[in-house]
Amino acid sequence: MSRADATDQEERRFDPAEIEPRWQQRWDDEEVFHIEDGAEDPSYVLAMFPYPSGEMHMGHVRNYAITDAFARYKRMQGEAVLHPMGWDSFGLPAENAANERDVDPRGWTMDCIAAMKEQMNVMGLGFDWQREVTTCEPEYFQWNQWLFREFYEEGLVERTETELNWCPGCETVLADENVNTENNVEICWRCDTAIEHRELEQWFFTITDYAEELYDELDELDGWPENVREMQHNWIGKQEGASVEFELTTGDSVEIFTTRLDTIYGATFFALSPGHDVAQQLAEEDDDVAEYIHRVEHADEEEVDETSGVFTGEYATNPATGEEIPVYVADYVLADVGTGALYAVPAHDDRDHAFAQEHDIPIRQVVEPTEDADVDPENVDVQEQAYTEDGVLDLGEIEGSSDERTESDGVLVDSGEFDGLDSAEARERFVEAFDGEFRTAHSLRDWCISRQRYWGTPIPFVECPDCGYVPVPEDDLPVELPEFIRTTGNPLDAAQEWKTTTCPDCGGPAQRETDTMDTFVDSSWYFLRFISPELDDAPFDSEQATDWMPVDQYVGGIEHATMHLIYSRFFTKVLDDMELLDGIREPFENLLTQGMVRKDGAAMSSSTGNVVSPAPFVERFGADTGRLFMLNAAQPEKALDWTEEGAESAHAFLQNVHDLVARYAGGAIDTRDAEAADGDGGTIDEYVAREIEATVATATEEFEAFRFNHALQAIRELASLLRRYVDHTDPDEGTFERALSTVARLLAPVAPHVAEELWAHLGRDGLIAEADWPEADEPAGYETARLLVENTREDVRDIVGVAGIEDPSLIEIAVAPEWKHYARQQARDLDGNVVGQLMGDEWLQRHGEAAADYAKALAGEGHLDEQLPPEREYEALTRAVWLLEREFDAEVVVSEPGEAPEDLAAKATPGRPGIQIEE
RNA sequence: GCGAGGGUGGCUGAGCCAGGCCAAAGGCGGCGGGCUUAAGACCCGCUCCCGUAGGGGUCCCUGGGUUCGAAUCCCAGCCCUCGCACCA
């Protein structure tokens, strides 16, 4: 290669460092990503907004590469697109940073935001920055306070004393959702410190009021992944059962909750959780009880035996039998499950069984399997092991049954007048019989939103010695944060001046509430603020929000499956009920949880140093390469392994396409005019043209389904075809130009900078980001023709290989004669004696022996798929002649139907042309 | 324990929902060839076994079943990942 050539090639490469900022500037100047208020029902594409740590990691890049590609794709399709970004900027790390260095949380946070925004811009992410939302700004959090007030008015705010998770490390209360369990020890999700339990008075949102709807509507969230819905199901934990009162010899009436009311006749003892009020009362009089409660409350979980418990000396009356059964306090009864009290049926519950054995309590069977049940009643020995089948058969799941009812496979015994009743029915009947009530219980707890921290939204309440807790009047909002004070406790508590105020009700001296809100409050409605970020008299524009919501596509990490995604659903329902929305019950129509970014098979983690940082990568390869690699390497929801080779391959591909376009634009590729060509149908140009159409069809379908990797595979194949096209012949000007502009546009959502560059090389005006997405249907018979060509090439290779033909000089190809196609077509519709019926055909009879043989072959084939008629086969093969010529360096002749040498045509069948190769 | 999702050729990874054109795409790796002074890039093949004309055999975790036909559907088992879990 001469030096001049080398220089040319140099020039045909693009330099990411040069082109990327240039196009970013253009997009910005022309407000490509801005969407006007009032746009009608845009596509709302949203990535979960980040906590601004100051450092973008690959997980972020992947998240935003996905939403940006989708948003850009939708925009090119002519849709209005809302693709905003903001900052979940309240939270503990800012405060920690402030304590560690000499900075204030606000300044630190703002610096981080600036840094991350810069990194996002470097990645070429197309956000509408005019809609940027920052939760730590009073313009935002005043609406948290406003909404808190509204929730309070609606009766959704409670202040209660409860046992709460307390993290000594963070010095704050934690929601159940923020507590992880590791080796049976409950630890803080942030700092891994073992958590303690403390009785404290806190602010709650009564999310449990919505438990039922939050649970039931999961079934309708078809656009959500199954695992997320399942996690929410588990989290909300719905149980349908009944509550019944038991009278105790203490004089108390204790309510229990059970899902197995049918087993009440088998209750042989009664158990209270150590935290139960009645247990606490008993402890005051009974030292044994007091001692037991003290012991289990101060022991680690694994130290307490599961069957531990203490007899209280009291009895409870079983409303079914009238019997008096002993009352125990037992640790296995949990205070926050059901009512914290239960009647125990050792015969039909494993834990009750274990407890009964330990404490020598009788075990009485009251349910046995019916005759149709899977279990033989003879094999049930409840003295040995509890029989826990709940007696519900789902007939809908039994093969051959269309019955959707459930029916019992358990039947009552030793249950007085109810013997013989089935379990399911007993559960219904007993509710009335024993004066209980049906009840649906959920394991979802109310949402504790109090945090004893500084860097959050102040809860807009004042504590007055005379009036109690009084909400701050709307006109006095926002309650802003005072200056940060370094202290071991809550900085707000130390801010004396700020704290001191007057009571809005009586005007007397009062103190501000020093708790701030859980930051999940901020993120529970931020997607609504994006709709009207500047609005200053309401959190969002209700009319526009009703039009723009729900978010069409939400993308983020699986770690938010329960907390953020349940809270946001809760908020949306409340806002709808408050008529701030009109009929929007769910915030996110479609949810995609993107997979992890891994390296060497392990999660990227800064603590182990197993990371690839975006910044140096972009410096080396450019943003487009990173984005392409991310979207190309795996489906969005699957884990992605970061590999050097993959990144290089992505970069090479982009350089390649750029090289091709630049060569064309620079006049280095000779093209010819289609008019001058033969145009007899079946040319190489037509082959390429059909591939363009097919690629567009595939790419569009795959983009729509978020399978970017599939779309990119098709695009890569087209690009590869174009290189071979140029290599083989002088391409047709029109076809080639169309092909290149198509590749550029299909690539634009994924590698937007390079695509702009290509667009400019092709001499197009305007930005590719605003160009029209190409439209095409798959050409008629494309798949069948593709297979025909593929199989034929395969066959030629086989023959050459197996026959040991060193250097083929002529390859003759002939399609099957018309009568074979006809016979095959007939055979497709025939049953029974195919040969007989075919040979009854007059036309086929004329082909004698050959037709009979072929008819037999057809009969033996079973299924016959569709094939192209002879003329179409001929055209498809003719279009592909160049591929064979290239591969075998031989003359290739395809005979027209009916013109082929007889022996060659005789070997051919539809979909399988006859082939003759000469050395 | 309950629930969800998986197990595909050297690796990675499509296909499975809508059974046949599936010895099973693409990528990576490996092998051979072309282009080139050379390297890179690019191009053409091969990469389960056997076969001197397009053939045959075995194959998609294991074992059964449905079907003319199963990687795809059904049942059972084994293994992996994740979520929930002393939930009355």
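J.: Tell me about the overall build of chain A, and name the residues and values.
T.: A count of helical and extended segments in chain A gives 33 helices and 35 strands. Projected onto the principal axes, the alpha-carbon positions of chain A cover approximately 110 × 75 × 50 Å. Counting across all 919 residues of chain A, residues that qualify as buried make up 52%. In chain A, 73% of the contacts between residues at least 6 apart in sequence involve partners at least 24 apart. Taking the average place of the 65 positive charges on the side chains of chain A and the average place of its 205 negative ones, the gap between the two points comes to 9 Å.

J.: Go over helix 26 (residues 782-802) with me, naming the residues and quoting the values.
T.: The end-to-end C-alpha distance of helix 26 is 30 Å, a good match for the 30 Å that 21 residues give at a rise of 1.5 Å each. Restricting attention to buried positions, one finds in helix 26 the residues Tyr 782, Ala 785, Leu 788, Val 789, Thr 792, Arg 793, Asp 795, Val 796 and Val 800. Viewed along the axis of helix 26, the buried residues span an arc of 165 degrees, placing them on a single side of the element. Those residues of helix 26 that are exposed and aimed more than 90 degrees away from the buried face are Gly 801 and Val 802. Contacts made by the buried residues of helix 26 are with helix 22 (684-704), strand 33 (810-814), helix 31 (870-879), helix 32 (881-888) and strand 35 (914-918).

J.: Report on the protein's contact with RNA strand B, specifying residues and quantitative values.
T.: Near RNA strand B there are 46 residues, and of these Glu 230, Thr 258, Thr 259, Arg 351 and Arg 724 occur at the shortest range. Of all RNA strand B atoms lying within 4 Å of any protein atom, the proportion belonging to sugar or phosphate reaches 56%. The separation between a sugar or linking oxygen of RNA strand B and a polar side-chain atom of Arg 886 is 3.0 Å. Measuring from a base nitrogen of RNA strand B, one finds a backbone N or O atom of Ile 917 at 2.6 Å. Sorting the residues of the surface near RNA strand B by element identifies helix 8 (226-236), strand 11 (253-258), helix 23 (708-728), helix 26, helix 32 and strand 35 as the ones contributing at least two each. Element by element, the count of residues in the surface near RNA strand B is highest for helix 26, at seven residues. Class assignment of the residues belonging to the surface near RNA strand B gives a composition of 15 nonpolar, 14 polar and 17 charged.

J.: Pulling in residues and values, what's your account of the nonpolar core?
T.: Among the nonpolar cores identified, the biggest contains 182 residues, and Phe 205, Trp 447, Leu 528 and Phe 570 are the most heavily contacted of them. Counting residues domain by domain, this core receives three or more from each of domain 1 (143-206 + 446-520) and domain 3 (784-918). Look past the residues within four positions of Phe 205 in its chain and what remains in contact with it is Phe 148, Phe 151, Leu 156, Val 157, Asp 446, Trp 447, Ile 449, Val 521, Phe 570 and Phe 571. Among the nonpolar cores identified, the runner-up in size contains 54 residues, and Leu 272, Ala 279, Tyr 387 and Phe 418 belong to it.

J.: I'd like to hear about helix 32, residue by residue, with values.
T.: Considered for burial, the residues of helix 32 that qualify are Val 881, Trp 882, Leu 883, Leu 884 and Phe 888. Those residues of helix 32 hidden inside the fold are in contact with helix 22, helix 23, helix 26, strand 33, helix 31 and strand 34 (891-895). Phi turns positive one or two residues past the end of helix 32, at Asp 889, with a value near 55 degrees.

J.: Any details on the confidence of the model for chain A? Residues and values, ideally.
T.: Here chain A averages 88 in pLDDT, and 94% of its residues register 70 or above. Ignoring residues within four places in sequence, the model shows residues 1-7, a span with pLDDT below 50, making two contacts including any to other chains. On the interface metric, ipTM, the complex scores 0.91, and its pTM is 0.92.

J.: Any chance you could break down the domain arrangement of chain A for me, citing the residues and the numbers?
T.: Note on interface size: it is often stated as the accessible area lost on association of the parts. You can read the domains of chain A as domain 1 (143-206 + 446-520), domain 2 (239-441) and domain 3 (784-918). On a C-alpha basis, the centroid separation for the pair domain 1 and domain 2 is 39 Å.

J.: Kindly report on unusual backbone geometry, identifying the contributing residues and their values.
T.: Going from Leu 477 to Pro 478, the amide bond is cis rather than trans, its omega being 0 degrees. In the Ramachandran plot, Asp 360 falls in the positive-phi region, its phi being about 55 degrees despite a non-glycine side chain. Position of Asp 360 relative to the elements: it lies in the loop between helix 11 (350-358) and strand 16 (367-369). Here Asp 360 falls in the exposed class, since its relative accessible area comes to 71%. Residue Phe 706 is not a glycine yet carries a positive backbone phi of 65 degrees. Turning to its location among the elements, Phe 706 is positioned in the loop between helix 22 and helix 23.

J.: Describe the packing of helix 20 (residues 623-633) against helix 25 (residues 752-761), listing the residues and the values that go with them.
T.: Contact pair helix 20 / helix 25: the axes reach a minimum separation of 7 Å and the direction vectors enclose 115 degrees. Here helix 20 contributes Ala 623, Asp 624 and Arg 627 to the contact with helix 25, which in turn contributes Pro 752, His 753 and Val 754. Classifying every residue of the contact of helix 20 with helix 25 by side-chain character gives three nonpolar, one polar and two charged.

J.: Please set out the packing of helix 21 (residues 644-665) against helix 24 (residues 733-747) residue by residue, giving values where relevant.
T.: Two elements in contact, helix 21 and helix 24, have axes separated by 11 Å at closest approach and are oriented at 145 degrees. With respect to the hand of their crossing, helix 21 and helix 24 are arranged in left-handed fashion. Of the residues in helix 24, those in contact with Phe 653, Leu 654, Val 657, Leu 660, Val 661 and Tyr 664 of helix 21 are Glu 733, Phe 736, Glu 737, Leu 740, Val 743 and Leu 747. A class-by-class count of the residues in the contact of helix 21 with helix 24 yields 10 nonpolar, no polar and two charged.

J.: Describe the packing of aromatic side chains, and please don't skip the residues or the numbers.
T.: Enumeration over the complete set of coordinates arrives at 62 aromatic pairs. Seen in terms of ring centroids, Tyr 152 and Phe 461 are 4.8 Å apart; in terms of plane orientation they differ by 75 degrees. Their pairing is edge-to-face. Taken as a pair, Tyr 152 in helix 6 (residues 138-153) and Phe 461 in strand 23 (residues 461-464) lie far apart in primary sequence, 309 residues in all. Using a relative accessible area of 31% as the deciding quantity, one classes Tyr 152 as partly exposed. For Phe 461, a relative accessible area of 1% translates into the label buried.

Definitions and cut-offs
- Going along each chain's sequence as written, the residues are numbered from 1 onward.
- Key to labels: chains lettered from A, ligands numbered from 1, both in the order written.
- Local features in a predicted model are, by the rule used here, given only for residues with pLDDT of at least 70; side-chain atom pairs are given and counted only at 80 or more, and totals for whole chains, interfaces and linings are based on all residues.
- Just so you know, side-chain values use all the structure's heavy atoms and leave hydrogens and water out.
- Numbering of helices and strands starts at the N terminus; helices are DSSP runs of H or I of at least 4 residues and strands are runs of E of at least 2.
- Burial classes follow relative accessibility: with a 1.4 Å probe on protein chains only, a residue under 20% of its type's maximum area counts as buried, one over 50% as exposed, and anything between as partly exposed.
- Should any heavy atoms of two residues lie within 4.5 Å, those residues are counted as being in contact.
- We count Lys and Arg on the positive side and Asp and Glu on the negative side, and we leave His and both chain ends out.
- Note on charges: their place is set at NZ of Lys, CZ of Arg, CG of Asp or CD of Glu.
- In a helix, the anticipated span is given by 1.5 Å times the number of residues less one.
- Arc definition: directions from the helix axis to the C-beta atoms.
- Only a single heavy atom is needed: when it lies within 4 Å of a molecule or strand, its residue is near that molecule or strand.
- Within 3.5 Å is the distance limit for a polar contact, defined as a pair of N or O atoms, with the added protein rule that one can donate a hydrogen and the other accept it, and that residues adjacent in sequence qualify only through two side-chain atoms.
- Each residue is assigned to one of three groups, with Ala, Val, Leu, Ile, Met, Phe, Trp, Tyr, Cys and Pro labelled nonpolar, Asp, Glu, Lys and Arg labelled charged, and all others, Gly among them, labelled polar.
- The set of buried Ala, Val, Leu, Ile, Met, Phe, Trp, Tyr and Cys residues whose side-chain atoms join them within 4.5 Å is what this entry labels a nonpolar core.
- Residue ranges for the domains originate in an automatic or database domain assignment.
- Confidence scores here are pLDDT values: one per residue, from the predictor, ranging 0 to 100.
- A fitted line through C-alpha atoms serves as each axis, taken over the contacting stretch for helices, and the angle formed by two N-to-C directions is quoted from 0 to 180°.
- Crossings are assigned a handedness: left-handed for a near helix turned anticlockwise from the far helix by less than a right angle, right-handed for a clockwise turn.
- Geometry of aromatic contacts follows a simple scheme: Phe, Tyr and Trp rings, the Trp one being its six-membered ring, pair when their centres are within 6.5 Å, and the pair is stacked under 30 degrees between planes, edge-to-face over 60, tilted otherwise.

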